[in-house]
Amino acid sequence: MGKLAVQASEHDAVPHKDMANAIRALAMDAVEKAKSGHPGMPMGMADVATVLFTRFLKFDASAAAWPDRDRFVLSAGHGSMLLYALLHLTGHAGMTMEEIASFRQLGSKTPGHPEHGHVPGIETTTGPLGQGLANAVGMALAERLLNARLGDQIVDHFTYAVVGDGCLMEGISQEAISLAGHLKLNKLIVLFDDNQISIDGPTSLAVSDDHVKRFQACGWTAQRIDGHDPQAIAGAIEWARRSDKPTLIACRTVIGYGAPTKQGKASTHGEPLGVDEIKGARAALGWAHAPFELPASVLAAWRAAGARGAQVRASWEGRAAKLDPAKRVLLGDPTEVSTGKALTTAIAEIKAQFAATPPKIATRVASQQVLEKVVPVLPNLIGGSADLTGSNGTRSKHHVPVGPSAYAGNYIHYGVREHAMAAAMNGLALHGGIVPYGGTFLVFSDYCRPAIRLSALMGQRVIYVLTHDSIGLGEDGPTHQPVEHLAALRAIPNLNVFRPADPIETAECWELALTAPCTPSILALTRQGVPALRKGGPENACAKGAYVLEEAPGGQRALTILASGSEVALAMEARAILAKEGRAAAVVSMPCWELFSAQPVGYRQAVLGTAPRVGVESAVKLGWERWLGEGGLFVGMESFGASAPGTKLYEHFGITPAKIAEAARKLAS
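Residues numbered from 1 in each chain as written. Predicted model: local features only at pLDDT ≥ 70, side-chain atom pairs only at ≥ 80, totals over all residues. Heavy atoms only, no water.

Caption draft 1: Layout of the sheet that holds strand E6 (residues 221-226). Read across the sheet, 5 strands follow the order E1-E2-E3-E7-E6 without closing on themselves; strand pairing throughout is parallel. The strands lining the two open edges of the sheet, one partner per strand, are strand E1 (71-74) and E6. Each neighbouring strand pair of the sheet contributes to a mean axis angle of 20°, computed without reference to strand direction. Summarising the sheet, strand E2 (residues 159-163) and strand E3 (residues 188-194) pair through 5 bridges and their orientation is parallel. The residue of E3 that forms the bridge with Val162 is Leu191. Here helix H6 (residues 131-150) sits on the sheet and contacts E1, E2 and E3; the angle it forms with E2, its principal contact strand, is near 170°. (Pairing = 2+ DSSP bridges. Helix = DSSP H or I, 4+ residues; strand = E, 2+ residues; numbered from the N terminus. Axes fitted to C-alpha atoms, helices over the stretch in contact; angles between N-to-C directions. Contact = heavy atoms within 4.5 Å.)

Here is the structure:
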């Protein structure tokens with residue numbers, strides 16, 4: 001099942017040091033050729049990586065996407081040549097020697113930091129320190145969740161993460177290890193490259209933490225070892241695999257191991273060693289081979305390591321083939337085929353319900369009602385919140401909490417850990433078989449932003465439910481009232497920012513988020529109630545990003561009012577005011593700029609029209625210029641908010657139907 005450890009004797013034909021030195025040589029040669037990169041970390045962690053990949057890691061290089069493989073996360077992404085060397089040596093498709101020699105070059109599959117999707121075997125995009133560690137927590141949690149559903153015969157694997165001092169200094173690391181310890185994710189093993197060197201010099205310049213005690217305080221097992229002793233490394237990993245808690249192995253290493261004058265120094269961290277130093281390193285390591293050349297015996301031993309999981313994988317495939325269809329879908333896309341049809345039906349039902357009895361409710365409440373319909377038909381939709389469950393409306397009556405050693409549930413209480421929640425959701429999505437969503441307030445998307453950006457960069461279906469989306473939240477004041485956040489999120493490529501105007505739009509936006517396999521989504525939802533504006537209909541009007549909610553009488557526009565979210569209702573009231581004055585206005589709802597931008601030019605022109613435009617949103621103007629055109633006016637926020645009831649704040653900041661009508665008159669004059 002999940003066990004794949006071999007004895008050292010299987011690799012005795014080629015000494016461990018030669019296999020490890022192959023990693024060191026590729027790292028220093030690639031960095032030198034690129035005149036850029038980080039050779040020190042790969043050279044220092046080569047022994048640890050060699051033991052892990054040749055004796056413990058369960059994988060098959062010829063089938064890198066095998067669902068029950070062990071996951072390997074290089075959180076210290078600056079040491080990317082460690083991963084690239086391992087993928088080449090073990091025979092992963094696409095990681096050729098030509099790619100190694102093209103390290104950090106335009107169009108290569110070996111960028112400065114590992115990027116998910118470039119070649120098989122890169123489990124996640126890393127580089128922003130600490131993110132990979134939190135991704136690994138999500139992957140380890142995904143393994144436990146799916147194991148509870150499918151059993152040890154189908155899901156039983158470990159997640160290994162290599163972290164550096166920088167990963168553990170970043171604040172996200174504390175959130176991540178606290179969550180993992182609480183949930184007792186015993187299939188998570190973190191290998192700490194304890195080289196005590198950072199870019200500025202010795203880590204003692206900035207930190208004196210005892211990481212072993214720190215992890216132990218968070219519910220982990222932890223120990224220190226010599227990171228250059230193969231037997232100590234193997235013993236520690238074997239010990240970790242038997243633990244009933246997540247494990248930290250602090251591997252004391254020498255950065256730039258083998259470099260005669262630079263090992264152990266900050267100069268090996270982020271710059272090439274230089275020709276003379278590499279010559280000396282070759283002599284010190286006993287590596288007499290030319291750059292990018294590997295002895296046949298060493299390469300053969302590594303390729304054997306890459307193939308040793310083939311039989312285990314084949315046995316697993318035989319067991320997986322016997323699963324009934326309802327369970328087999330948990331190994332693939334959770335919204336495919338039958339579940340996709342069930343989702344379409346569920347969305348149609350909730351839209352019909354909203355249309356039959358139009359409610360005046362907050363879109364966060366509408367979202368919760370959508371979840372009541374959707375959760376039963378998507379068994380691997382895993383929800384959660386950063387200690388704001390009641391406020392976000394992220395939990396339905398169909399949810400069961402996930403807890404320590406209780407992984408059959410489908411709702412995660414992340415605690416006040418937005419950083420870790422967002423990054424762990426990336427890990428859940430990357431693992432496969434799960435669509436994660438998690439909630440917090442829109443203003444706290446600042447805490448989630450690094451992970452949101454990586455969701456977009458990696459093309460992962462992660463759904464961020466961000467409520468209390470404007471000054472309409474009221475009395476909590478400007479610390480909690482987002483004004484710049486919509487613009488900041490809309491600036492991220494490949495991120496759909498949805499801001500629905502009413503319950504039906506909320507249902508449609510959920511459908512779009514759930515069926516976007518390569519794009520993360522933001523659902524920006526109101527705290528305050530909003531009127532029902534849509535009357536239903538089978539089509540998903542939000543799918544085009546913007547649409548004409550109400551055309552001008554007779555179709556002849558004197559002006560067009562563009563709005564999103566809660567301000568669409570205000571635009572409709574302004575339209576009525578203007579109609580009494582004989583001014584024909586159309587109202588356009590814009591729930592998702594990104595989808596609207598992707599529409600054909602003709603559709604966009606038809607929606608926007610040629611009449612003067614007014615934009616309305618309880619946020620800053622940034623970005624609206626594109627839609628308003630030359631001379632268009634904006635009604636929104638120009639400052640931070642204030643503490644008062646939401647209705648009073650809309651009046652105070654001039655975001656009212658009367659002010660919208662006033663702006664329209666200015667355009668008409």
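Caption draft 2: Local environment of the environment of Ala356. Mapping Ala356 onto the fold places it in helix H15 (residues 337-356). Given a relative accessible area of 61%, Ala356 falls into the exposed group. Along the backbone, Ala356 and Lys535 are 179 residues apart, and their C-alpha atoms lie at a distance of 8.4 Å. (Buried < 20%, exposed > 50% of the residue type's maximum accessible area, 1.4 Å probe, protein only.)

Caption draft 3: Structural detail: the confidence of the model for the protein. In the predicted model, the protein carries a mean pLDDT of 96, and the fraction of residues at 70 or more is 97%. Contacts for the low-pLDDT stretch residues 5-10, under 50 throughout, to residues beyond four places or in other chains number 10 contacts. (pLDDT = per-residue confidence, 0-100.)

Caption draft 4: Structural view of the pattern of salt bridges. All chains considered together, the criterion is met by 24 salt bridges. Residue Lys373 pairs with Glu349 through a salt bridge whose shortest N-O separation is 3.6 Å. Taken as a pair, Lys373 in helix H16 (residues 363-374) and Glu349 in helix H15 lie far apart in primary sequence, 24 residues in all. Judged by relative accessible area, which is 28%, Lys373 ranks as partly exposed. For Lys397, the salt bridge goes to Glu372, with nearest N and O atoms at 3.4 Å. In this pair, Lys397 is assigned in the loop between helix H17 (389-392) and strand E10 (411-413) and Glu372 in helix H16, connecting sequence segments 25 residues apart. The exposed category is assigned to Lys397, whose relative accessible area is 66%. Counted as one network, the salt bridges with shared partners bring together Asp469, Arg490, Arg499, Glu567 and Glu617. (Salt bridge = Lys/Arg side-chain N within 4 Å of Asp/Glu carboxyl O.)

Caption draft 5: Quick look at the sheet that holds strand E9 (residues 381-385). The strand order across the open sheet built from 6 strands is E10-E9-E11-E12-E14-E13, with neighbouring strands paired in parallel fashion. Each edge of the open sheet is held by one strand with a lone partner, namely E10 and strand E13 (496-498). Pairwise comparison of adjacent strand axes, ignoring direction, gives a mean angle of 20° for this sheet. Here helix H18 (residues 418-431) sits on the sheet in contact with E9, E10, strand E11 (435-441) and strand E12 (463-467), set at roughly 165° to E11. Packing of helix H19 (residues 445-458) onto the sheet brings it into contact with E11, E12 and strand E14 (521-524), and relative to E12 it is tilted by some 155°.

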